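# Close look at the chain arrangement
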Amino acid sequence: MDKVIVKEVIPKSSDVLWNLITELNHMKQWFFENLPEFEAKIGFKVEFNVVSGERSFLHAWEIIEVDVKKLIKYNWRYPEYFDGDSFVTFCLNKLDKDKTEVVIISEGINNYPKNIPEFTYESCRGGWEYFINRLKEYSDEIN
């Protein structure tokens, strides 16, 4: 499988959720606390390390698509582990004024090295399920 898709209906407006997935102060609460900066604009690039066990993973992101309050797509790379690209898309599907379906799509995981446990399909799926649940939990704290 080359794609992980996770979905969650969150009882918040798409406006609120857009802010949670694109504003640095919110992203640090549910996504990556060590994210140094972030802008939801095409061409924005950022790099930061994430430690997992005894490995460190340099995350190299570039925003490649933005449809405000609907979609943001990253080119998501791990340059020290492989030269290929992978992509992560956050989609917000407004169901009504206070309910939104959040869909996270991770593509290109077949490009990941097969000998690193964090890059297996199961690990990637588990990671995105973890993050979408953290987003939901964090959104519950927001008035």
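As the structure is a prediction and not an experimental result, all values here were calculated from the model.

### A word on the state of the cysteines
One pass over the structure, following the stated rule, counts zero disulfides. Here C91 stays free of any disulfide, with the sulfur of C124 as its closest cysteine sulfur at 18 Å. On the basis of relative accessible area, C91 is assigned to the buried category, the value being 15%.

### A few points about the nonpolar core
Counting 39 residues, the largest nonpolar core has F31, W61, Y74, F90 and W128 as the members making the most contacts within it. Residue contributions to this core peak at six residues, all from helix α3 (residues 121-141). Once residues within four sequence positions are removed from consideration, F90 is found in contact with I21, W30, F31, K70, L71, I72, Y74, V103, I104 and W128.

### As for the packing of helix α1 (residues 14-22) against α3
Direction vectors running N to C along α1 and α3 enclose 120°, while the axes themselves pass 11 Å from each other. The angle between α1 and α3 places the two elements in the oblique class. Between α1 and α3 the crossing geometry is right-handed. Facing α1, whose interface residues are L17, L20 and I21, α3 presents L135, Y138 and S139. Looking at the contact of α1 with α3 residue by residue, the classes come out as five nonpolar, one polar and no charged.

### Quick word on unusual backbone geometry
Unusually for a residue other than glycine, K69 sits at a positive phi of about 65°. Topologically, K69 is positioned in the loop between β3 (55-67) and β4 (71-77).

### Some points on the pattern of salt bridges
A complete count under the given rule lists seven salt bridges for this structure. We note a salt bridge from E39 to K41, for which the minimum N-O separation is 3.4 Å. Across the pair D98 and K97 runs a salt bridge, and its minimum N-O distance is 3.2 Å. The exposed category is assigned to K97, whose relative accessible area is 63%.

### Concerning α3
Here α3 contains 21 residues, and its C-alpha end-to-end distance of 31 Å stays within 8% of the 30 Å for a straight helix at 1.5 Å per residue. Among the residues of α3, those classed as buried are C124, W128, F131, I132, L135, Y138 and S139. Projected down its long axis, α3 shows its buried positions confined to an angular sector of 125°, all on one face. Set apart from the buried face of α3 by more than 90 degrees, the exposed residues are E122, E137 and E141. As for α3, its buried residues are in contact with β1 (3-10), α1, α2 (24-30), β4, β5 (87-96) and β6 (99-107).

The rules behind these values
Residues numbered from 1 in each chain as written. Predicted model: local features only at pLDDT ≥ 70, side-chain atom pairs only at ≥ 80, totals over all residues. Heavy atoms only, no water. Disulfide = S-S within 2.5 Å. Buried < 20%, exposed > 50% of the residue type's maximum accessible area, 1.4 Å probe, protein only. Core = buried A, V, L, I, M, F, W, Y, C linked by side-chain atoms within 4.5 Å. Helix = DSSP H or I, 4+ residues; strand = E, 2+ residues; numbered from the N terminus. Contact = heavy atoms within 4.5 Å. Axes fitted to C-alpha atoms, helices over the stretch in contact; angles between N-to-C directions. Parallel < 35°, antiparallel > 145°, perpendicular 65-115°, else oblique. Left-handed = near helix turned anticlockwise from the far one by under 90°. Nonpolar A, V, L, I, M, F, W, Y, C, P; charged D, E, K, R; others polar. Salt bridge = Lys/Arg side-chain N within 4 Å of Asp/Glu carboxyl O. Expected span 1.5 Å × (residues − 1). Arc of directions from axis to C-beta.

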